[in-house]
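Notes for the structure review
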Amino acid sequence: MDSFITILVAAMMVIGSAFTLVAALGLIRLPDVYTRMHAASKAGTLGSGVVLIALGIEAGDTGTLTRALAGVAFFLLTAPISSHLLAKASYAMGYRLSDISVVDEMPKAPEAANTADQ
């Protein structure tokens, strides 16, 4: 049973590290702030969560596993919200979408729509 747990933890560490690597590559390679935040929030959260669960399993202590699961829950609750708020603030400050982006679905500000009609 110990070898099964060791293999499971090792696999989870590799998977979590791979997701974290993909998030880091996304931060480097993606064209604009919005796609970069998407990569960091999705892949980074999943990678960190899997590594934390692997840590909790490897510790073999119920208290450590409970804290690791609480950390995963914290990541899952805060990362998407903070990413959304950062994207909304970036859009409000005028950061433009990449040229390869197809559609801008954010509604225009009411004062900008009123001046465009005149």
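Residues numbered from 1 in each chain as written. Predicted model: local features only at pLDDT ≥ 70, side-chain atom pairs only at ≥ 80, totals over all residues. Heavy atoms only, no water.

Considerations on the overall build of the protein
- The helix and strand inventory of the protein stands at four helices and zero strands.
- Reading the protein from its N end, one meets helices and strands in the order α-α-α-α.
- Taking 118 residues into account, the globule formula puts the C-alpha radius of gyration at 13 Å, and the protein, at 20 Å, lies well above it.
- Each principal axis of the C-alpha atoms in the protein carries an extent, and together these give about 75 × 25 × 15 Å.
- Burial analysis of the protein (118 residues in total) assigns 20% to the buried set.
- The contacts of the protein with a sequence gap of at least 6 include a subset with a gap of at least 24, amounting to 60%.
- Only carbon and sulfur atoms are counted for the fraction: they give 69% of the accessible area of the protein, which is about 8500 Å².
- When the 7 basic and 9 acidic side-chain charges of the protein are each reduced to a single mean position, those positions are 4 Å apart. (Helix = DSSP H or I, 4+ residues; strand = E, 2+ residues; numbered from the N terminus. Rg over C-alpha atoms; globule rule 2.2 N^0.38 Å. Buried < 20%, exposed > 50% of the residue type's maximum accessible area, 1.4 Å probe, protein only. Contact = heavy atoms within 4.5 Å. Areas by Shrake-Rupley, 256 points an atom, 1.4 Å probe, with all protein chains shown as cover. Lys, Arg positive; Asp, Glu negative; His and termini not counted. Charge placed at Lys NZ, Arg CZ, Asp CG, Glu CD.)

Remarks on the side chain of Thr45
- Summarising the element assignment, Thr45 is placed in helix 2 (residues 33-59).
- By relative accessible area, Thr45 is classed as buried at 9%.
- Those residues in contact with Thr45, other than ones at most four positions away along the chain, are Ala40, Phe75, Leu76 and Ala79.

Some points on the side chain of Asp32
- Locating Asp32 in the fold gives a position in the loop between helix 1 (2-29) and helix 2.
- A polar contact is formed between the side chain of Asp32 and the side chain of Thr35, at a distance of 2.7 Å.
- Once residues within four sequence positions are removed from consideration, Asp32 is found in contact with Arg96, Leu97, Ser98 and Ser101. (Polar contact = N/O pair within 3.5 Å; in protein donor to acceptor, adjacent residues only side chain to side chain.)

Observations regarding the packing of helix 2 against helix 3 (residues 62-93)
- Relative to each other, helix 2 and helix 3 sit at 175°, their axes nearing to 8 Å. Here helix 2 lies roughly antiparallel to helix 3, going by the angle between them.
- Per-class residue counts for the contact of helix 2 with helix 3 are 17 nonpolar, nine polar and no charged. (Axes fitted to C-alpha atoms, helices over the stretch in contact; angles between N-to-C directions. Parallel < 35°, antiparallel > 145°, perpendicular 65-115°, else oblique. Nonpolar A, V, L, I, M, F, W, Y, C, P; charged D, E, K, R; others polar.)

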